[in-house]
Amino acid sequence: MTRFDDLLPTLRTITAREHDRYLDLLRELVELETPSSDLPSLSRAADWILEWLTAELGEPAAVQRHDHAEHGPTLVVDYAGEGDGRVVLLAHYDTVWPLGTLAEIPFSSRDGILRGPGVLDMKAGLVAGVMAIRHAREAGLALPPLTLVCNGDEEIGSPASRPIIEQVGAGASAAIVLEPGVGWDLKTERKAVGVFDLTVQGIESHAGNDPAGGASAVHAMAELITQCAALTALEAGTSVNVGVVQGGTGRNVLAGRAHALVDARATTVAEMERVEAGLRALTVSDPRIEVTLGGGWNRPPMRHDEVQRPLFATASAVAAAVREPLGMRSVGGGSDGNFLAANGLPVLDGMGASGAGPHARHEHVLEADVDDRILLIAGVLGALAG
């Protein structure tokens, strides 16, 4: 901490000087619309990020670009540093917003509020992480070896990037996730995320002429929805939500098919197992109905345990020098940090930006926190060079 404390005034001066440049870079990245489902847009953004990283930080020690036929590219970029403890920085550049959202919600900086599709989740964090590295170098703060991972499929569960992230995390000393925080606080616990789907196959028949000859998939789905909801145990931090239901072909037809999307969240492995067992035991009253369960648990839970506490204490000490100690928040959403925490790696999640409204039309970043967030990232990286 002593080295960071000594350099903090210099870092503050550099960060304040570069504040407008941060805003310009953030605007460029936000105006590159990057919905998770649009491969051409994601590929263009990956090109931009690689060029930008080289312009900001110089030629990296190594670059890997993992392209995928169905999902956005995953970039793995290494930078040399001091010491043996390599640190992974995780950032995703895909967003939940469809193409054309920028015309409705353009990037703006007004009255201390930064707006735009994906500005909080999580393009502001990506820019802050890169600027923190640049400013730390300029101030003379030693940094550890770094691996920056930028993926384009996080918002849909990281199906292509997960194995890459887990491979990159193997042998690292810590990970910093550039997702947004909660105010000045970090996200120290995240729930496991389950992504399940139910398919019900029934027997079609005329609702008036032959009601007994058919077996309604929609009626059966109604039974299943009630059973799914009954698996919720809020006192244990577990929720099960049937979010989308489709089925049937007409008002006067007993439905031959129905489909539902189910979201599950749990704080412990025991609850994950209980929920999955309950979903696999779903039954309907009509034996002619066929029920199929698909999907599974997408992310394991992230817990604030003995592996995580020392790194959080280090980050909080840095935060106290910058502004004030960090608070701890438990949240229902998952991130790529869940993967590495479950594999035993110390993880700091929520380091990227302060604001509100991820995935909502009022999504925004608090501009007043931008410089302090950059200083926090730089200070933690400096401490990890130790």
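Residues numbered from 1 in each chain as written. Predicted model: local features only at pLDDT ≥ 70, side-chain atom pairs only at ≥ 80, totals over all residues. Heavy atoms only, no water.

A.B. asks: What's the story with the overall build of the chain in this structure? I'm lost.
C.D. replies: A tally of regular secondary structure across the chain gives 11 helices and 18 strands. For the chain, the proportion of its 386 residues judged to be buried stands at 55%. Restricting the contact set of the chain to residue pairs at least 6 apart, pairs at least 24 apart contribute 81%. Accessible surface, the chain as shown: approximately 15,700 Å² in total, 51% of it carbon and sulfur. Between the mean site of the 30 positive side-chain charges and the mean site of the 51 negative ones, the chain shows a separation of 2 Å. (Helix = DSSP H or I, 4+ residues; strand = E, 2+ residues; numbered from the N terminus. Buried < 20%, exposed > 50% of the residue type's maximum accessible area, 1.4 Å probe, protein only. Contact = heavy atoms within 4.5 Å. Areas by Shrake-Rupley, 256 points an atom, 1.4 Å probe, with all protein chains shown as cover. Lys, Arg positive; Asp, Glu negative; His and termini not counted. Charge placed at Lys NZ, Arg CZ, Asp CG, Glu CD.)

A.B. asks: Just to check I follow, could you spell out the packing of helix α2 (residues 19-30) against helix α5 (residues 119-139) for this structure?
C.D. replies: The relative placement of two packed helices comes down to the angle between their axes together with the axis-to-axis distance. Here α2 crosses α5 at 135°, and the two axes come no closer than 10 Å. When the interaxial angle is binned, α2 and α5 end up oblique. Where α2 crosses over α5, the handedness of that crossing is right-handed. Here Arg21, Tyr22, Leu25, Leu26, Leu29 and Val30 of α2 lie close against α5, whose contacting residues are Val119, Lys123, Ala124, Leu126, Val127, Ala128, Met131 and Arg134. Residue classes in the contact of α2 with α5 are distributed as 11 nonpolar, no polar and 3 charged. (Axes fitted to C-alpha atoms, helices over the stretch in contact; angles between N-to-C directions. Parallel < 35°, antiparallel > 145°, perpendicular 65-115°, else oblique. Left-handed = near helix turned anticlockwise from the far one by under 90°. Nonpolar A, V, L, I, M, F, W, Y, C, P; charged D, E, K, R; others polar.)

A.B. asks: Explain the sheet that holds strand β13 (residues 257-266) to me, please; I cannot follow it from the model alone.
C.D. replies: The pairing of strands in a sheet comes from backbone hydrogen bonds and takes either a parallel or an antiparallel form. Taken in spatial order, the 4 strands of this open sheet run β11-β13-β9-β14, and their pairing is antiparallel. Every interior strand has two partners, whereas the edge strands, β11 (239-247) and β14 (290-299), have only one. On average, each strand axis in the sheet is tilted by 15° relative to the strand beside it, whichever way the strands run. Judged from the 10 bridges that link them, strand β9 (residues 192-201) and β13 form a sheet pairing that is antiparallel. Note on β13: the bridge partner recorded for Asp197 is Leu261. (Pairing = 2+ DSSP bridges.)

A.B. asks: What exactly am I supposed to notice about helix α9 (residues 309-322) here?
C.D. replies: Structurally, the α-helix is built with 3.6 residues per turn, so residues lying three or four positions apart point the same way. Taking 1.5 Å of rise per residue, the 14 residues of α9 would be expected to cover 20 Å, and the 20 Å separating its terminal C-alpha atoms lies within 8% of that figure. Every buried residue of α9 is accounted for by Leu311, Phe312, Ala315, Ser316, Val318, Ala319 and Val322. Summarising the axial view, the buried residues of α9 lie within an arc of 160°, below the 170-degree limit, and thus occupy one face. (Expected span 1.5 Å × (residues − 1). Arc of directions from axis to C-beta.)

A.B. asks: Could you clarify how one ought to interpret the pairing of strand β3 (residues 87-92) in this entry?
C.D. replies: Side-chain positions along a regular strand alternate between the two faces of the sheet. With 6 of its 6 residues buried, β3 lies for the most part within the structure. Here β3 shows two buried faces, one formed by Val87, Leu89 and Ala91 and the other by Val88, Leu90 and His92. Pairing between β3 and strand β7 (residues 174-177): 4 bridges, direction parallel. The residue of β7 that forms the bridge with Val88 is Ala175.

A.B. asks: Help me out: how do you make sense of the nonpolar core in this one?
C.D. replies: Most often, soluble globular proteins keep nonpolar side chains buried together rather than apart. Counting residues in hydrophobic clusters, the biggest one holds 71 residues, and the most contacted among them are Tyr22, Leu26, Ile49, Trp52, Leu53, Ile176 and Met351. Broken down by element, this core gets its largest block of residues, 13 residues, from α5. Excluding its chain neighbours within four sequence positions, the residues that come into contact with Met351 are Ile176, Val177, Leu178, Glu179, Leu186, Arg373, Leu376, Ile377 and Val380. Within the second largest apolar cluster, 26 residues are counted, among which are Ala215, Leu231, Ala255 and Ala258. (Core = buried A, V, L, I, M, F, W, Y, C linked by side-chain atoms within 4.5 Å.)

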